[in-house]
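A look at the structure
Here are the chains, one letter per residue:
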Amino acid sequence: MKIYPAIDLIDGSCVRLEQGRFDSTKVYDNNPINIACSYAKAGATYLHVVDLDGAKAKTPQQGDLVIQIAKESGLKVQTGGGVRSLEQVQSLLAGGIDRVIVGSLAVKEPEVVRSFLRECGGENLTLAIDIRLDKNEIPMAATEGWVSGGDASLWDILDFYTQDDLQSILCTDIGRDGMLVGPNLELYQEILKRYPKLELQASGGVAELSDLSDVKEMGCSAVIIGKALYENRFTLNEALNVG
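Every value quoted in this text rests on a predicted model; they were computed, and no experiment measured them.

Once that is clear, we can look at the pattern of salt bridges. Under the definition given, this model contains six salt bridges. Note that R114 and E111 form a salt bridge whose closest N and O atoms lie 3.6 Å from each other. Here E111 and R114 lie together in helix α6 (residues 110-120), a separation of three residues that amounts to about one turn. Here R194 makes a salt bridge to E190, at a shortest N to O gap of 2.8 Å. Taken together, the residues span about one helical turn, with R194 and E190 both in helix α8 (residues 185-194) at a distance of four residues. One network of salt bridges, with partners in common, ties together E111, R114, R118 and D164.

Written as C-alpha cells, this is what we have:
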C-alpha cells in the first residue's frame, strides 16, 4: 500500500483544515519544500499536495511551487486543486508531477474529464471524489474545495467513469477530514465491493497506525496521511512500515 504524506498549501504555507472549512485553517509550517524533503529523508516515495488556494479560486495558484517541491524532494507527487483544463494537466505532468488530481470538474463536467483520461491516460490522473453522507447515508459529492454540495452520488459518478481508462480514485469523507476520528471503513468496503478493479486511495480521518492497517487489510491501494503526522500521532517511518 502506498503511503502519501499530505501537504495542503495556502499562500505557500503548510496548513490543515477541519472538515474542509477555510475558517478553520491551522498553519503548521511556512516551508513546504523542507517538509517534503524531510519526508523523503524518512523514506517516503510518494507525496500528496493540494493547492487549496487553487481549489477556492477554481484555477491552480501554486503550480510552480508544487513542481519545485517535486523536483527538490525527488518524491513522486500527486497534486490537485483547481485543475480545470487539459493544458493545466499537461503542464503539471510536463513539470515532473507523477499524477494530477481532478476533483470538482470530475463531478460537474464529466465529459471534459473523460477527455482528459483519454488524452493523458489513467495512469497519470487520479479522480478525487469528496463526499458528505446525506440523511440516508448515501455518499453525495461535494465540489469547489468542499464549499458547495452536489446532487450526484458517488455511485453515479463512478458508474460513469468505469467505462473509461479510470485507474485511481481518491475518496474523502469530508466529515472526518482533519478530525482524527478514523477513516470511513464502511464506505471504502462498499467502493471496493462495487468497483474491485479500481485503485482506491483512502483519505480523511486517519488518526492511528491501526487505521492504516485497517485500510490496507481491506484492499486500499494507498492512504493519505495529513494531520496525524503534524500532530505527532505517529511517525512517517512507522506509517511506512505498515504500508
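Additional details are given in the paragraphs that follow.
This part is about the packing of aromatic side chains. Within the structure shown, the criterion is met by four aromatic pairs. With a centroid separation of 5.0 Å and 90° between ring planes, the pair formed by F160 and Y161 is classed as edge-to-face. Positioned above the aromatic ring of F160 is the side chain of R114, whose terminal nitrogen or guanidinium carbon lies 3.9 Å from the ring centre. For the cation-ring pair, R194 lies above W155, with the distance from its terminal atom to the ring centre recorded as 4.0 Å.

Right, let's get into the pairing of strand β11 (residues 199-203). Judged by how many residues are buried, β11 sits mostly within the fold: four of five residues are covered. Strand direction decides the pairing type here: strand β10 (residues 168-173) and β11, joined by five bridges, are parallel. If you follow T172 over to β11, its bridge partner there is S203. Read from β10 through α8 to β11, the crossover connection turns out right-handed. Remark: the β11/helix α9 (residues 209-218)/strand β12 (residues 222-225) crossover connection has right-handed handedness.

For helix α1 (residues 32-41), every residue scored as buried is listed here: P32, I33, I35, A36 and Y39. Viewed end-on, α1 has its buried residues packed into an arc of 160°, placing them on one side of the element. Just downstream of α1, G43 is the residue with a positive phi angle, here 110°.

Here we take up the side chain of Q201. Note on placement: Q201 falls in strand β11. A polar side-chain atom of Q201 sits 3.1 Å from a polar atom in the side chain of S168. In this structure Q201 touches Y4, Q78, T126, S168, I169, L170, C171, S221, A222 and I224, once residues within four positions along its chain are discounted.

The next thing to look at is the environment of K216. Tracing the sequence through the fold places K216 in helix α9. Leaving out residues up to four positions away in the same chain, K216 has contacts with M1, V242 and G243. Within the structure, K216 has its side chain in polar contact with the backbone oxygen of V242 (distance 2.9 Å). One polar contact links the side chain of K216 to the main-chain carbonyl oxygen of G243, over a distance of 3.5 Å.

Each value, and the rule that gives it
- Residues numbered from 1 in each chain as written.
- Predicted model: local features only at pLDDT ≥ 70, side-chain atom pairs only at ≥ 80, totals over all residues.
- Heavy atoms only, no water.
- Salt bridge = Lys/Arg side-chain N within 4 Å of Asp/Glu carboxyl O.
- Helix = DSSP H or I, 4+ residues; strand = E, 2+ residues; numbered from the N terminus.
- Phe/Tyr/Trp six-rings, centres within 6.5 Å; stacked < 30°, edge-to-face > 60°.
- Lys NZ or Arg CZ within 6 Å of the ring centre and 35° of its normal.
- Buried < 20%, exposed > 50% of the residue type's maximum accessible area, 1.4 Å probe, protein only.
- Pairing = 2+ DSSP bridges.
- Right-handed = clockwise from strand over helix to strand, strands pointing away.
- Arc of directions from axis to C-beta.
- Polar contact = N/O pair within 3.5 Å; in protein donor to acceptor, adjacent residues only side chain to side chain.
- Contact = heavy atoms within 4.5 Å.

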